[in-house]
Amino acid sequence: MSHVMKRVATALAFALIVAFGTQAASAQATLKAVQDRGQLVCGANGTLAGFGLPDPQGNWVGFDVDFCRAIAAAIFNDPTKVKFVPLTAANRITSLQTGEIDVLSRNTTWTMSRDTSLGIDFADVNFYDGQGFMVRKSLKVNSALELNDASVCVQQGTTTELNLADYFRSNNMTLKTVTFATADEAVKAYDTSRCDSYTTDSSGLYGERLRLTDPSANIVLPEIISKEPLSPAVRQGDDAWEDIVRWTHYAMVNAEELGVTQKNVDDMMKSANPDIRRLLGVEGKFGSGMGLTDDWAVRIIKAVGNYGESFERNVGQGSPLKIARGLNALWTKGGLQYGIPVR
Amino acid sequence: MAEIARPRRARRLGNIAVQVALVAVVGGLFYAAAVNAARNLAAAHIASGFGFWDNTAGFDISQTLIAYSSSTSTFGRAFWVGLLNTLLVAGIAIVLATVLGFTIGIARLSRNWLVSHLAGGYVELIRNVPLLLQLLFWYNAVLKTLPELHGSMTLPGGGFFNNRGLFLPRPQFSENFRYVLIAFLFGAIATLGLSVWARRRRDQTGERFHIRWVVLGLIVVLPALVFLSAGTPLSFRFPNLGRFNVQGGVEILPEFAALLFALSIYTAAFIAEVVRAGLLAVPQGQTEAAQALGLRPGTTLRRIVVPQAMRVIVPPLTSQYLNLIKNSSLAVAIGYPDLFQVFTGSVLFITGQAIEIVAVTMAVYLTISLCTSLLMNWYGHAVGVVER
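Not measured: the values here are computed from a predicted model.

**Details of the overall build of chain B**
Piece 1. Helices and strands together make up the secondary structure of chain B, namely 11 helices and 8 strands.
Piece 2. Along the first, second and third principal axes, the C-alpha set of chain B runs to 90 × 80 × 45 Å.
Piece 3. Within chain B, the fraction of its 388 residues that count as buried is 31%.

Here it is as structure tokens:
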């Protein structure tokens, strides 16, 4: 039960560091610390297919994993210079606060209380998600509104845990919540029919369904009951570092908007389009403004592709999850992903 | 005299000075740590203090002994819910472990080969497998082998048993039930008085007063008569199968059952060894003397051996109780909402205030443990043989 020990350990380590440490992890130093160390330390999920999961060979793959590789590529021109730390919902924030990780890229919902009272900052939303429910087909339930009095398995320490209570209350339904410390345990309990339903972000539902004994015997209900803007997060107080993380995301979205892909990026350097020239560092000194090289975006795109490529490869049509772009389509195609101009 | 007294007093004063200095240093260290922590938290823009205590919790808890609702209850309320769940499971587990442990400890000393070896096998098997493993075994074994909701076992008397738990009829007391309680209370007090009187009479005159039947009348028959004459003021609400769950009735969660089994069975193995050691520590001559006086084996065990053994048993027994209470925090591995799971879990992750919450949790476990020790010390003095 390593996560139990780990939870206690991180909490205690945090207490000790805060109580006896000096203000070491002071602000402006993250980029330099990463460069001196020679690798980025990235907090990732570790058990969620499509977002963060080591493959059978031990290589980390997923949408959130790609994001960390992109940052590493921008800094080192080498997407493999990342050490991934698997985190549970429970210890992810503490790991970031204590400085164990440089960036948290683990399907974490951006909320006001997390932003304002935990000493962390969210870069920008790289996945618009919402909470959904999974049930066994044999229950013959077609809507979450039919779940009155059902038992629902949920993971502790998530916005999911709170939305769940809200949703049932506002629809005058009762529920029996069974709360587990990790998604692993919650899914296992659902699989042994301890609960009628399992709830988490709908992207997570598709990923977790693949791990069930019989994935095809389970369906995801149509209702999306909450807004879950998932965003990478960094420690508050190092604005330069936050800029790098934020602009890594914008570089990927801008690349998709401008049609720059992993394949054509070299040709695109010769493009006459000034937007493309600025993004790829042919014109202007945008990378050096962040303490990186001016071809930072080229490095990112060569490593993981543009936003759409990373999406489709990990969670979209190129993956077993087959999640539609939906809200995560570009703003030009009716979605919410909008690249901030490089200018 | 004066020549000796002065240096001794001086030495004592010196000792006191050293101790005061030590306390001051330790206190100062804690104070510095607290101040430093507050400063560091403020610098890292992390909220601190206990302001969260009165905020609405917003999450549900599967087992609540006191009224709790996710929409109106506070984090503070969630703390109490978790604490009571810890006390519930630890309290019942202590009783079960004690009964089981004493039985097995005594059985291990039995002259019957089968009985003593079964008891020995139990002890060796249980105490050598990690508790967490046993807990997961119970939880997964309980979960996976029990029928699902719609194949529920129906219990005689109107209950259900399935992988969601055990559902029993819920007793509904009407107002007249208080007369039954009053009768019971009266019976209990009368019994107490009677037993004191009987013991005193035996000590003075040597005559025995067979209290058993009178007690049965006072504690069972009298309340039963009142119960009938008050118009049977007790009814049951029976659980029934709904579409998703069993509704109504008393619900015993599988998480609770698994934790209870694991804790009591595990700790019983250690208690059995403590009991065996205690019994063996009583010299053989005591048993022989009792037999020579014509006492029966049962009486010998109850009146001669156990009271002397208790002196040896109580201190290590206390340690086992403390272990059990602390081990109950393994609840977090199977989702039983104890103090650790609720408070150091949900509340901590939602508020993010690790220092305050970990400190409170530590203080609570410390308090529970100290109270248990105190109680056991008192009990040890009460039952211990008075040396003459």
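**Some words on the overall build of chain A**
Piece 1. The helix and strand tally for chain A stands at 13 helices and 14 strands.
Piece 2. Computed over the C-alpha atoms, the radius of gyration of chain A is 21 Å, within 12% of the 20 Å expected from 2.2 N^0.38 for a compact globule of 343 residues.
Piece 3. Projecting the C-alpha coordinates of chain A onto the three principal axes gives extents of approximately 60 × 50 × 40 Å.
Piece 4. Counting only residues that meet the buried cut, chain A has 55% of its 343 residues in that class.
Piece 5. Long-range contacts, defined as pairs at least 24 residues apart, comprise 72% of the intrachain contacts of chain A with a sequence gap of at least 6.

**Some words on helix α6 (residues 212–229) of chain B**
Residue and element names in this part refer to chain B.
Piece 1. Over its 18 residues, α6 extends 25 Å from the first C-alpha to the last, a length consistent with the 26 Å expected when each residue adds 1.5 Å.
Piece 2. Considered for burial, the residues of α6 that qualify are Leu218, Pro223 and Val226.
Piece 3. Residues of α6 that are buried in the fold lie against α5 (177–205).
Piece 4. Following α6 by one or two positions, Gly231 has its phi on the positive side, about 85 degrees.

**A short note on the interface of chain A and chain B**
Piece 1. If you look at the interface, chain A gives 41 residues, while chain B gives 38 residues.
Piece 2. Put simply, the parts of the chain that give the side of chain A that touches chain B at least two residues each are α1 (2–20), α4 (92–98), β9 (150–155), α6 (159–170) and β10 (175–180) of chain A.
Piece 3. For the side of chain A that touches chain B, the element with the most residues is α1 of chain A, which contributes 8 residues.
Piece 4. Taken together, the residues of the side of chain A that touches chain B sort by class into 19 nonpolar, 15 polar and 7 charged.

**Section: unusual backbone geometry**
Residue and element names in this part refer to chain A.
Piece 1. In this structure, Lys140 is a non-glycine residue whose phi angle is positive, near 55 degrees.
Piece 2. Relative to the helices and strands, Lys140 is located in the loop between β8 (131–136) and β9.
Piece 3. Lys140 gets classed as exposed once you count the C-beta atoms within 10 Å, which come to 9.
Piece 4. Even without being glycine, Lys322 reaches a positive phi, approximately 55 degrees.
Piece 5. Take Lys322: it is sitting in the segment after α13 (307–314).
Piece 6. Look at Lys322 and you get exposed, because 12 C-beta atoms sit within 10 Å.

**What about the domain arrangement of chain A?**
All names here are of chain A.
Piece 1. The assigned domain composition of chain A is domain 1 (2–128 + 230–333) and domain 2 (131–226).
Piece 2. The straight-line distance from the C-alpha centre of domain 1 to that of domain 2 is 28 Å.
Piece 3. Taken together, the contact pairs 17 residues of domain 1 with 15 residues of domain 2.

**Quick word on helix α10 (residues 339–351) of chain B**
All names here are of chain B.
Piece 1. Taking 1.5 Å of rise per residue, the 13 residues of α10 would be expected to cover 18 Å, yet its terminal C-alpha atoms sit only 16 Å apart, more than 12% below that figure.
Piece 2. Extensive coverage of α10 is indicated by the burial of 13 of its 13 residues.
Piece 3. Count one or two residues on from α10 and you reach Gly352, which has phi positive near 75 degrees.

**Let's talk about the domain arrangement of chain B**
Piece 1. Along its sequence, chain B is carved into domain 1 (2–46) and domain 2 (75–131 + 257–383).
Piece 2. Between the C-alpha centres of domain 1 of chain B and domain 2 of chain B there is a distance of 37 Å.

**A few points about the sheet that holds strand β3 (residues 165–168) of chain B**
Strands in a sheet are paired, the pairing made by backbone hydrogen bonds, and the direction either parallel or antiparallel.
Residues and elements named next belong to chain B.
Piece 1. With antiparallel pairing, the 4 strands of this open sheet are ordered in space as β1-β2-β3-β8. Two strands bound the open sheet, and with one partner strand each, they are β1 (153–155) and β8 (250–252). For this sheet, the mean inter-axis angle between neighbouring strands, taken without regard to orientation, is 20 degrees.
Piece 2. As paired strands, β3 and β8 are joined by 3 bridges and run antiparallel to one another. Bridge pairing links Phe167 to Glu251 in β8.

**Concerning the confidence of the model for chain B**
Piece 1. A residue-level look at chain B finds 97% of positions with pLDDT of 70 or above and a mean pLDDT of 89.
Piece 2. Across the assembled chains, the prediction reports ipTM 0.80 with pTM 0.83.

**Describing the nonpolar core**
Piece 1. Of all hydrophobic cores here, the largest spans 166 residues; its most connected members are Cys68, Ile71, Cys153 and Ile300 of chain A together with Leu259 of chain B.
Piece 2. Broken down by element, the residue count for this core peaks at 15 residues, all from helix α7 (residues 254–280) of chain B.

**Focus on the sheet that holds strand β11 (residues 197–201) of chain A**
All names here are of chain A.
Piece 1. The mixed open sheet is built from 5 strands, whose spatial order is β10-β9-β11-β8-β12. The open sheet is flanked by β10 and β12 (218–220), the only strands paired with a single partner. For this sheet the average axis-to-axis angle between neighbouring strands, irrespective of direction, equals 30 degrees.
Piece 2. Of the strand pairs in this sheet, β9 and β10 are connected by 6 bridges, and their pairing is parallel. Residue pairing across strands places Ala150 opposite Leu175, the latter belonging to β10.
Piece 3. Running over the sheet, helix α7 (residues 183–191) touches β9, β10 and β11 and is turned about 155 degrees from β9.

**Overview of the environment of Gly289 of chain A**
All names here are of chain A.
Piece 1. With respect to the helices and strands, the residue Gly289 is situated in the loop between α11 (274–279) and α12 (296–304).
Piece 2. Gly289 sits in the exposed class, given 12 other C-beta atoms within 10 Å.
Piece 3. Between the alpha carbons of Gly289 and Ile244 there is a distance of 10.0 Å; along the sequence they are 45 residues apart.

**Focus: the packing of helix α9 (residues 239–257) of chain A against α12 of chain A**
Residues and elements named next belong to chain A.
Piece 1. Orientation of α9 relative to α12, taken along the N-to-C sense of each, is 70 degrees, at an axis distance of 10 Å. For the element pair α9 / α12, the angle class is roughly perpendicular. Across the interface between the two elements, Thr248, Ala251, Met252 and Ala255 of α9 pack against Ala297, Ile300 and Ile301 of α12.

Rules used in this analysis
- Residues numbered from 1 in each chain as written.
- Chains lettered and ligands numbered in written order.
- Predicted model: local features only at pLDDT ≥ 70, side-chain atom pairs only at ≥ 80, totals over all residues.
- Helix = DSSP H or I, 4+ residues; strand = E, 2+ residues; numbered from the N terminus.
- Buried ≥ 20, exposed ≤ 12 C-beta atoms within 10 Å, placed from the backbone.
- Rg over C-alpha atoms; globule rule 2.2 N^0.38 Å.
- Contact = placed C-beta atoms within 7 Å.
- Expected span 1.5 Å × (residues − 1).
- Nonpolar A, V, L, I, M, F, W, Y, C, P; charged D, E, K, R; others polar.
- Domains from an automatic or database assignment.
- Pairing = 2+ DSSP bridges.
- Axes fitted to C-alpha atoms, helices over the stretch in contact; angles between N-to-C directions.
- pLDDT = per-residue confidence, 0-100.
- Core = buried A, V, L, I, M, F, W, Y, C linked by C-beta atoms within 7 Å.
- Parallel < 35°, antiparallel > 145°, perpendicular 65-115°, else oblique.

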